[in-house]
Amino acid sequence: MTRTITDLSKARMLLSNDDGIHAEGLAVLEEVARKLSNNVWVVAPEVEQSAASHSLTLRRPLRERKLADKRYSIDGTPTDCVLMGMKYLMKGQRPDLVLSGVNVGANLGEDVIYSGTVAAAMEGAILGARSIALSLRPDTQNDTLFHWDTVRHFAPDVIRKLAMWDGAENLLFNVNFPGVPADQVRGIKICRQGHRDEETTVVEGNDPGGRPYLWVGQFVSHHTSVPNADLSAIAENYITITPLKYDLTDHDVLEKMGQLFS
């Protein structure tokens, strides 16, 4: 059961990500978090774990590395990091809030299924903490440029309101910032998870030795037919917030199927 946060300044925060302990987005998130609370822990992967989804390391031991007070790297996945943080490193003083990100690149539509950033937040929610995943889309004209000041400007208020919202339990929030300067952000929209009209690509090629390979490419389109979708809203330069549940049951279909095997 998710615990209610009544005073964010006294909340214990756990930060993680999937881009690794040295990622710029994590540094920005830590900067934001320390403006909201004086009890901030960081437990993040030793190396990049993008698209790790909710994978958990089971076939080998995990090792922690203490880098500073309340700051650790783990040689595992984002899920490993949150699990180790909540059930081992912060045992006895488990976090009230888990923040994951800020991811380099948006996590919209189907990205949510693959995202290690979202998975870290989901693990926090499963273990009873209010959890928020945060991602930043690259600049709309230059995909190597990221407007971190947009995150610095808007993230504190977004985190504050979501962390202290007295609403449904057992969910997490997926937040995406558009790839524009702060003064071009049009506002905030609460959106559905979208679904791209076109699928991702598989690229065929040959390596320098002439051997064929297959490479998973990028989604070729961000267009969606889903109404009020995150993909559409961020394209219009809105910050998107999508509430997600880790219970994947389709309850409407569950009722309809009740007599199928009776």
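Structure: see above.
Every value quoted in this text rests on a predicted model; they were computed, and no experiment measured them.

1. Structural notes on the overall build of the protein chain
A count of helices and strands for the protein chain gives 7 helices and 11 strands. Radius of gyration (C-alpha) of the protein chain: 19 Å, near the 18 Å computed for a compact globule of 262 residues. Here the protein chain, with 262 residues, has 50% of them falling under the buried criterion. A separation of at least 24 residues holds for 77% of the contacts in the protein chain among residues at least 6 apart in sequence. Split by element, the accessible area of the protein chain, about 13800 Å² in all, is 51% carbon and sulfur.

2. Some remarks on the pattern of salt bridges
Here the idea is simple: oppositely charged side chains can pair when their charged atoms come close. One pass over the full model with this rule turns up 12 salt bridges. We note a salt bridge from E110 to R196, for which the minimum N-O separation is 3.0 Å. Here E110, found in the loop between strand 5 (97–104) and helix 3 (111–114), pairs with R196, found in the loop between strand 8 (187–190) and strand 9 (200–206); they are 86 residues apart in sequence, far enough to count as distant. Classification of E110 by relative accessible area gives buried; the value is 13%. Judged by its relative accessible area of 3%, R196 falls in the buried class. Here R196 and D111 are joined by a salt bridge, their closest N and O atoms 3.1 Å apart.

3. Some details on the layout of surface pockets
A volume near 460 Å³ is recorded for the second largest pocket. Of all the secondary structure elements, the ones that give two or more residues to the lining of the second largest pocket are helix 3, helix 4 (116–126) and strand 11 (238–245). Looking at the lining of the second largest pocket element by element, the count peaks at 4 residues for strand 11.

4. A closer look at a nonpolar patch on the surface
A surface patch of nonpolar side chains, amounting to about 430 Å² of accessible area, comprises V203, Y213, W215 and V216. Here the element with the most residues in the nonpolar patch is strand 10 (residues 212–219); it accounts for 3 residues. Position of Y213 relative to the elements: it lies in strand 10. In this structure Y213 comes out as partly exposed when scored by relative accessible area, which is 34%.

5. Here we look at the packing of aromatic side chains
A complete count under the given rule lists 3 aromatic pairs for this structure. Relative to W148, the ring of F146 lies with its centre 6.0 Å away and its plane at 25°, an arrangement referred to as stacked. Both residues of the pair, F146 and W148, count as buried. When the centroid spacing of 6.2 Å and the interplanar angle of 70° are considered together, the rings of Y213 and W215 count as edge-to-face. In this arrangement the basic side chain of K189 is found over the ring face of Y238, its NZ or CZ atom lying 4.4 Å from the centre.

6. Concerning the pairing of strand 7 (residues 171–177)
Where burial is concerned, most of strand 7 is hidden: 7 out of the 7 residues are buried. Side chains L171, F173, V175 and F177 of strand 7 all project onto a buried face; the interleaved residues L172, N174 and N176 project onto the opposite face, where all are buried too. With 6 bridges connecting them, strand 6 (residues 130–136) and strand 7 associate as parallel partners. The partner of L134 across the bridge, within strand 7, is V175. Both strand 7 and strand 11 contribute to a ladder of 6 bridges, which runs antiparallel. Note that in strand 11 the partner of F173 across the bridge is P243.

Quick notes on the rules
Residues numbered from 1 in each chain as written. Predicted model: local features only at pLDDT ≥ 70, side-chain atom pairs only at ≥ 80, totals over all residues. Heavy atoms only, no water. Helix = DSSP H or I, 4+ residues; strand = E, 2+ residues; numbered from the N terminus. Rg over C-alpha atoms; globule rule 2.2 N^0.38 Å. Buried < 20%, exposed > 50% of the residue type's maximum accessible area, 1.4 Å probe, protein only. Contact = heavy atoms within 4.5 Å. Areas by Shrake-Rupley, 256 points an atom, 1.4 Å probe, with all protein chains shown as cover. Salt bridge = Lys/Arg side-chain N within 4 Å of Asp/Glu carboxyl O. 1 Å grid on protein atoms, 1.4 Å probe; cavity = no way out; pocket = protein on both sides within 12 Å on 5 of 7 lines; lining within 4 Å. Points joined across faces, edges and corners; volume = space filled by probe spheres on them. Patch = residues over 30% accessible without salt bridge, like charges linked within 9 Å, V, L, I, M, F, W, Y side chains within 5 Å. Phe/Tyr/Trp six-rings, centres within 6.5 Å; stacked < 30°, edge-to-face > 60°. Lys NZ or Arg CZ within 6 Å of the ring centre and 35° of its normal. Pairing = 2+ DSSP bridges.

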